[in-house]
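# An overview of the molecular structure
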Amino acid sequence: ADFDAKKKRKVAKIYQALNSDPIDVATLRRMAISEGGLLTDEIRCKVWPKLLSVNTDDLPPLPAGKELREDSKDYQQVLLDVRRSLRRFPPGMPDDQREGLQEELIDIILHVLKRNPQLHYYQGYHDIVVTFLLVVGDRLATALVEKLSTHHLRDFMDSTMDNTKHILNYLMPIIDQVNPEVHDFMQSAEVGTIFALSWLITWFGHVLSDFRHVVRLYDFFLACHPLMPIYFAAVIVLHREQEVLDCECDMASVHHLLSQIPQDLPYESLISKAGDLFVQFPPSELAKEAAQAAQAERTAASTFKDFELASVQQRPDTVLRQRFRERLRGEERLRGEERTKSILTKPRTNRFVKLAVMGLTVALGAAALAMVKSALEWAPKFQLQIFP
């Protein structure tokens, strides 16, 4: 009953945000990120367009499929991928209904590609499009997917894989910041990051079998920065720390382990963790390690700037940072005294000092930083263990 009451309150908050003038996008982002996401497909139909700033009053009519198919260089490949996409439809859906949806799926994809000749189709794109089609129907899905394709998914739709690889290059630096042991083990195994490619380019739609988990993640990704899926990928690897470290340290074993994604992940806590890591280690700080600046210029992270809405509070990164601060304040209150005692505990590597200092700066601002620095000066051999 408590859960239902909580759910009712959340639904009320979402509708309040939708009905306020102007629409309270910051609250909608918060709701999409926080526990349970947007709860129902009915709500998603209303909120997803707001998160992507798509005007639903002015949706273009859908084109006729026949000319689209005759004109398109991608038609054959799209057709093959869509035919293979049976498992992305709800089990038990009647064949004729599913076939109808598959035709719509082909038309949406070809329509977006025709209107945006700079975009290139990639295998896995249909996994994202089908998620939108199943949740919001064909006309709205077309508008949302087009916006997404020119922003969040832009990198995957280049003529080469360079930018996609560039985004994958963020994975190891994130893991390194949080768990150097796992990072070093993966480096020794030379496993690379290809195991996460299908996660990234389908927003996990291709690898998770439960549709509810997929749409929950889409709530989260639509409310956040385009690089959030790579943070989520890092969090999955970190969550499996023990399995990874118990694995044979060679490429084949580690790749095999990581590419089989467990279906029973604790999604809510992983989403929360990914949001926190984004705030502690924003892409701008990882960019140097991730790759050459020239590459970074052309990625979604940079096109995202023009997509951010004018009002500062509406920016997804602001919402995430605020949420992170509130969570930390809550923890501060609970652990105030204990925390002070445990700040200086067992020695570990220098990296954790840096991590702790960064975490504190985010959480408590300059005053805390000054305190930490003086602690470091008088106790360099101690370890700042801020994160349990």
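Looking at an unreviewed UniProt entry, one finds the protein named TBC1 domain family member 20, with Prunella fulvescens as its source organism. Its UniProt record, at the heading Subcellular location (unreviewed entry), says of the protein: "Membrane".

All right, on to the UniProt feature "transmembrane region" (unreviewed entry) in the protein then. Feature annotation in UniProt assigns "transmembrane region" (unreviewed entry) to the following positions: residues 191-208, 220-238 and 352-372. Secondary structure across residues 191-208 comprises 28% helix and 0% strand; the distance between its end C-alpha atoms is 22 Å. Its end C-alpha atoms 19 Å apart, residues 220-238 is made of 74% helix and 0% strand.

Below, the discussion takes up helix α18 (residues 283-290). Count 3.6 residues to each turn of an α-helix, and residues three or four apart come out pointing the same way. Along α18, the residues classified as buried are P283, L286 and A290. All buried residues of α18 lie within an arc of 70° about the axis, which places them on one face of the element. In this structure, α18 carries S284 and K288 as exposed residues pointing more than 90 degrees from its buried face.

Relative to the helices and strands, P49 is located in helix α3 (residues 41-51). Separated by 94 residues in sequence, P49 and A143 have C-alpha atoms that sit 8.5 Å apart. The residues touching P49, leaving out its near neighbours within four places in the chain, are R44, V54, T56, L140 and L144.

Glancing now at the side chain of T164. Residue position: T164 is located in helix α9 (residues 162-168). Those residues within four positions of T164 in sequence are excluded, and the remaining contacts are D155, F156, L197, L200 and I201.

This brings us to the nonpolar core. One finds W48, F204 and F232 to be the most contacted residues of the largest nonpolar core, which totals 115 residues. Considering each element in turn, this core owes the most residues, 10 residues, to helix α14 (residues 228-239). When residues are assigned to domains, this core turns out to be shared by domain 1 (1-156) and domain 2 (161-313), each giving three or more. Ignoring sequence-local partners within four residues, the contact set of F204 consists of W199, V214, L217, F221, P229, F232, A233, I236 and I261.

Quick notes on the rules
Here the residue numbering is sequential within each chain, running from 1 through the sequence in written order. Where local features are concerned, this predicted model is filtered to residues with pLDDT of at least 70; where side-chain atom pairs are given and counted, the filter is 80 or more; whole-chain, interface and lining totals use all residues. Excluded from the side-chain calculation are hydrogens and water; included are all heavy atoms of the structure. UniProt positions are given in the numbering used here, feature names are shortened, and annotations may be inferred rather than shown by experiment. Where helices and strands are cited, they refer to DSSP runs of H or I of at least four residues and of E of at least two residues respectively, numbered from the N terminus. Each residue is assigned to one of three classes by its accessible area relative to the maximum for its type, calculated with a 1.4 Å probe on protein chains only: buried under 20%, partly exposed between the two thresholds, exposed over 50%. To obtain the arc, one takes the directions from the helix axis to the C-beta atoms. Whether two residues are in contact is decided by their heavy atoms: any pair within 4.5 Å suffices. Throughout this description, the term nonpolar core refers to a set of buried Ala, Val, Leu, Ile, Met, Phe, Trp, Tyr and Cys residues connected via side-chain atoms within 4.5 Å. Source of the domain bounds: an automatic or database domain assignment.

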